[in-house]
Amino acid sequence: MNVGIFCITTLSLIVNSHAWARPEFSLRAKLNCTGCHVLPQGAGPRNAFGKAFGSRSHGAQKTSATDWYYGDFRTEFSRPFENPRNSKNGFTLIDGAASANFKFLENPLYNLSYLGTFDMGTISSGAREQTLLWTKTAGAEYLPDQILVGKFYLPFGLLTDDPRTYTKKQTRTTLRHFDAGLNISWDFLQASHLDLSLTNGFQSAGAGSTNDVTMAYTGNLRLNPPGPVFYGLSYSHHESEKKPDGISYSLYSGLDFNILTKGKFNSSLTGELVSGKGWNDPTINDQVNFFTTDAAYLSTVKDKESRGYYALWKLALVDIFTVFVKADSFAFDKDQPKNRFERLGYGINWQFDSNIFVIIRYDDTKVHGTVDDPNTGSSQDMIVINLRAWI
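A. View of the packing of aromatic side chains. Overall, the coordinates contain 21 aromatic pairs when judged by the stated rule. Between W68 and F102, the ring centres sit 5.5 Å apart and the planes meet at 80°, which makes this aromatic pair edge-to-face. Of the two residues, W68 is situated in the loop between α3 (48–54) and β1 (69–80) and F102 in strand β2 (residues 90–106); the sequence distance between them amounts to 34 residues. Given the relative accessible area of 48%, W68 is considered partly exposed. Considering the side-chain rings of W350 and F352, the 5.0 Å spacing of their centres and the 50° angle between planes classify their relative orientation as tilted. F352 gets classed as partly exposed once you look at its relative accessible area, which sits at 34%. Of the aromatic side chains, those joined through ring pairs into one cluster are Y166, F290, F291, Y297, F330, F332 and F341. Just above the ring of W390 sits the side chain of R46; from NZ or CZ to the centre is 4.5 Å. Directly above the aromatic system of F178 lies the positively charged group of K151, at a separation of 5.5 Å from the ring centroid.

Next up, the structure:
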């Protein structure tokens, strides 16, 4: 193991945070997302530091020593505890993604690189991130630190790997929904970050608009001052000449009990509130069909403002074993909270080798009011097992 990877591994033991939960790591280590990831908004392919850090006390593999490539394999097994509804269960290949990151231009002021990812999974197979990334290496402080052009996911709210997260389905902003355009990023005050993006809108995955003129403006500000707390605010406005605009905002925060208690309680809590307007229409957001396919009901809430909540509490028992509780809540109409969807997930995360871990979670779901739909699995309790490996 070379000196660089040794130092990274040592840092991972000190910080003792999960690789799959990026916001918590950013909070504890006081680093921006580019500390571990290639893209400035975070998530997606990891750089050499991020790969080595993710290996934790197992020690980094040789494949962690480079930014040039990244591979991500995730498979899932799910099984309902009641009569199965019209939702998928069994074994699923979520991701089989291969990424290449080529830095083809370097000078004293900036670097220019290309990132391309192709996914061979069954959920979102095909091209994922395809970007040119300009990175400042010197120059005035007011200049952007990164400029991203191409196809990418929007920098909106708390990023999470779980595509079932209610707030992400609410606004169609999972890590499998992409838009195309321009994203400009600034890093400031050590670990605070600002993203501003101009894209086609409605997460068209780079396909552009047909029989319409659309545009989206998205901003994300994350403040991560010294201490146990970070704060964030996101806003996204998708304009259209022929359909209702899609507007959403997110308020999120995180608390690190390890910092708060000076190492006595190795736990963290993150949470988010999301409101959306225009995203209840299934012709705009196909993710609402996860909750219900009742066309009559959806027509009554199509123009309503939705409200979603997300929270994740984690407790690291040892360096490679964590227990967690994940809470989701969603209502199509914020003024009718009695008609809402709720889910509590109880699970463990065990990293049994340097580049592989397993997550086992039990989901306890409830539907309140009149929106329970037998054609969906949104009210179906189940066990979910994820196996993930990376290079």
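Let's pick the thread back up.
B. Quick peek at the pairing of strand β14 (residues 340–353). Here strand β13 (residues 321–331) pairs with β14 via 10 bridges, running antiparallel. Within β14, the residue paired with F330 across the bridge is F341. Here β14 pairs with strand β15 (residues 356–368) via 12 bridges, running antiparallel. Bridge pairing links N349 to I359 in β15. Between β14 and β15, which pair antiparallel one after the other, the connecting turn spans two residues.

C. A look at the confidence of the model for the protein. For the protein, per-residue confidence averages 87 on the pLDDT scale, and 92% of positions sit at 70 or higher. For the stretch residues 1–21, pLDDT sits under 50, and the model shows 48 contacts to residues farther than four places along the chain or on other chains.

About the thresholds
- Residues numbered from 1 in each chain as written.
- Predicted model: local features only at pLDDT ≥ 70, side-chain atom pairs only at ≥ 80, totals over all residues.
- Heavy atoms only, no water.
- Phe/Tyr/Trp six-rings, centres within 6.5 Å; stacked < 30°, edge-to-face > 60°.
- Helix = DSSP H or I, 4+ residues; strand = E, 2+ residues; numbered from the N terminus.
- Buried < 20%, exposed > 50% of the residue type's maximum accessible area, 1.4 Å probe, protein only.
- Lys NZ or Arg CZ within 6 Å of the ring centre and 35° of its normal.
- Pairing = 2+ DSSP bridges.
- pLDDT = per-residue confidence, 0-100.
- Contact = heavy atoms within 4.5 Å.

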